[in-house]
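# Observations on the model geometry
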Amino acid sequence: MNVKKFGKIIEIISKCNDFCILSHLRPDGDSIGSSMALYLALKKLKKRVCVVVPEEAYIKYDFLLRYLDTRKSKKKTIISIDTADISLLYNPENLKIDICIDHHITNKGYAKLNYINCISASNSINIYHLLENMKVKIDRKIAECIFTGILTDTARYKNLNVNEEVFKISSILYPMINYNNLNKKIFKQTKFFFDLKCKILSRVEYFFDDKCSVCTIRLKTMNKCKEKCGELDVASSTLVIENVMIAVTIKEESENFFKVSVRSNGDLSVLELCRIFKGGGHKNAGGFFVKGELSEIKQKILSSIKLNIENF
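Residues numbered from 1 in each chain as written. Predicted model: local features only at pLDDT ≥ 70, side-chain atom pairs only at ≥ 80, totals over all residues. Heavy atoms only, no water.

Right, let's get into a nonpolar patch on the surface. Nonpolar side chains collect at one region of the surface, where Tyr 206, Val 240 and Ile 241 lie side by side and expose about 290 Å² of accessible area between them. With respect to the helices and strands, the residue Tyr 206 is situated in strand β6 (residues 205-207). Classification of Tyr 206 by relative accessible area gives partly exposed; the value is 36%. (Patch = residues over 30% accessible without salt bridge, like charges linked within 9 Å, V, L, I, M, F, W, Y side chains within 5 Å. Areas by Shrake-Rupley, 256 points an atom, 1.4 Å probe, with all protein chains shown as cover. Salt bridge = Lys/Arg side-chain N within 4 Å of Asp/Glu carboxyl O. Helix = DSSP H or I, 4+ residues; strand = E, 2+ residues; numbered from the N terminus. Buried < 20%, exposed > 50% of the residue type's maximum accessible area, 1.4 Å probe, protein only.)

Structure follows, in C-alpha cells:
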C-alpha cells in the first residue's frame with residue numbers, strides 16, 4: 001500500500017486534535033468495525049474523538065461499542081466511514097464532512113478529502129492500511145474491530161469479494177483475537193430472530209424460472225425485530241438455492257417507504273439496478289430506498305431485473 005495514498009489524511013490527523021467519526025444509517029459490522037478501529041487508533045495518538053452511531057447499533061455491536069468513552073470531541077474534523085453517499089450518512093447534526101474513507105464503487109467523493117478503494121473487500125481493510133501507514137500498533141481491541149468488518153462484509157469468507165488480501169490480513173490479525181468467541185458474538189441469533197427469519201423465508205417468491213427471489217418484510221415485522229434484535233438481514237439467504245442468480249429483499253421502513261437490498265451471484269452485477277433507483281453499493285451487493293405502493297415498486301424492480309437476466 002503506497003503511503004502517498006494516505007498522505008493528506010495522515011497529515012490532517014497529525015495536525016488536528018479533535019475528531020468526530022460518522023457511519024451510515026443502520027450500520028453493519030464493517031461500518032462499526034472500521035469506525036471503532038479508527039477511533040481506538042486516534043485515542044492511542046492522544047486525540048479527542050467521538051463516534052456517532054444510531055442507538056440501534058448497540059443491540060448487535062455492543063461488544064465493540066463498549067470501548068467508547070463518554071467524553072466528547074469538539075468535532076473540528078469530521079470523518080465519514082464506509083458510506084457511499086452523503087444521503088446515507090447517519091449525521092443528526094448535519095456536519096460537513098472533511099474526510100471520507102470508503103470502499104464502495106458508487107462513491108463519487110462527497111467530502112473535502114476522499115480515500116475510496118473499491119478493491120478492498122471491506123472498509124476495515126482500508127482502515128488497516130491507514131493504521132499501518134500511520135505506524136499505529138494494532139492491539140487486540142483494534143484487531144477485533146477490523147476482523148469484525150472483514151467477517152461481516154465477506155459473510156465469513158463466502159462472498160465473491162474475498163481475495164488474497166482478505167486472507168493475508170486475517171492471518172495477521174488472527175493470533176491477536178479469540179476467533180471463536182468473536183465469531184459467536186457477531187453472528188449469534190436469538191430464538192425469536194431465528195423463528196422470525198424462518199417465517200419470512202417461508203414466504204419468499206420466485207420469478208424468471210427461479211433465477212430471481214423476492215423477500216418482502218412488512219412494517220409490523222420490521223418493528224418487532226428492531227425492538228428485540230436490531231437490523232434484520234436476510235438479503236443473501238436465498239442465493240444458496242440452485243438457479244437463484246439475484247436476491248431482492250424489500251423491507252417496509254415506514255408507511256409506503258421501503259429499503260431494498262439486492263444481492264447476486266457470479267458475474268451478474270446489481271449496480272445498474274440500484275442506480276435506476278438512485279442507490280448504489282458493490283457489484284454483487286447493493287441497495288436503495290424507495291417510496292410508493294409495494295405492488296408498483298415490486299413490479300418496477302422485477303421489470304428491471306428481467307432485462308438484466310435476459311441480457312446476462
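It is worth spelling out the packing of aromatic side chains at this point. Evaluation of the coordinates by the stated rule reveals eight aromatic pairs. When the ring of Tyr 61 is compared with that of Phe 63, the centres are 6.2 Å apart and the planes differ by 45°; the resulting orientation is tilted. Taking relative accessible area as the criterion, Phe 63 reaches 6% and is therefore assigned buried. Considering the side-chain rings of Phe 207 and Phe 208, the 6.3 Å spacing of their centres and the 50° angle between planes classify their relative orientation as tilted. Take Phe 207: its relative accessible area is 21%, and that puts it in the partly exposed class. When its relative accessible area of 26% is taken as the criterion, Phe 208 is described as partly exposed. Three or more aromatic residues link up through ring pairs in this structure, and these residues are Phe 147, Tyr 174 and Tyr 179. Lys 60 extends its terminal NZ or CZ atom over the ring of Tyr 61, reaching a point 5.8 Å from the ring centre. Its guanidinium or amino end placed over the ring of Phe 187, Arg 156 lies 3.9 Å from that ring's centre, counting from NZ or CZ. (Phe/Tyr/Trp six-rings, centres within 6.5 Å; stacked < 30°, edge-to-face > 60°. Lys NZ or Arg CZ within 6 Å of the ring centre and 35° of its normal.)

Looking now at the UniProt feature "domain: DHHA1" (unreviewed entry) in the protein. In this numbering, the UniProt entry assigns the feature "domain: DHHA1" (unreviewed entry) to residues 239-301. Helix makes up 22% of residues 239-301 and strand 41%, with an end-to-end C-alpha separation of 18 Å. (UniProt positions renumbered as here; feature names shortened; annotations may be inferred.)

Right, let's talk about the pairing of strand β7 (residues 212-217) for a bit. Most of β7 sits out of view: five of its six residues are buried. Relative to β7, β6 runs antiparallel, the two being bridged by three bridges. What sits directly across from Tyr 206, in β7, is Ser 213. Between β6 and the antiparallel strand that follows it, β7, lie four residues; Phe 208 among them carries a positive phi value of about 55°. Here six bridges tie β7 to strand β8 (residues 246-254), and the two strands are oriented parallel to one another. Within the sheet, the bridge partner assigned to Ser 213 lies in β8 and is Ala 247. (Pairing = 2+ DSSP bridges.)

Overall, the coordinates contain ten salt bridges when judged by the stated rule. Of the charged contacts in the structure, one is a salt bridge between Lys 43 and Asp 69, with a shortest N-O distance of 2.6 Å. Note that Lys 43 is positioned in helix α2 (residues 29-44) and Asp 69 in the loop between α3 (57-65) and β3 (77-81), a separation of 26 residues in sequence. Here Lys 43 falls in the partly exposed class, since its relative accessible area comes to 24%.

To continue, consider the sheet that holds strand β5 (residues 113-116). Spatially, β2-β1-β3-β4-β5 is the arrangement adopted by the five strands of the open sheet, whose pairing is parallel. Lying at the two open borders of the sheet, with one neighbouring strand each, are β2 (48-52) and β5. Direction aside, the axes of adjacent strands within the sheet are offset by 15° on average. Lying over the sheet, α2 contacts β1 (18-22), β2 and β3, oriented at roughly 170° with respect to β2. (Axes fitted to C-alpha atoms, helices over the stretch in contact; angles between N-to-C directions. Contact = heavy atoms within 4.5 Å.)

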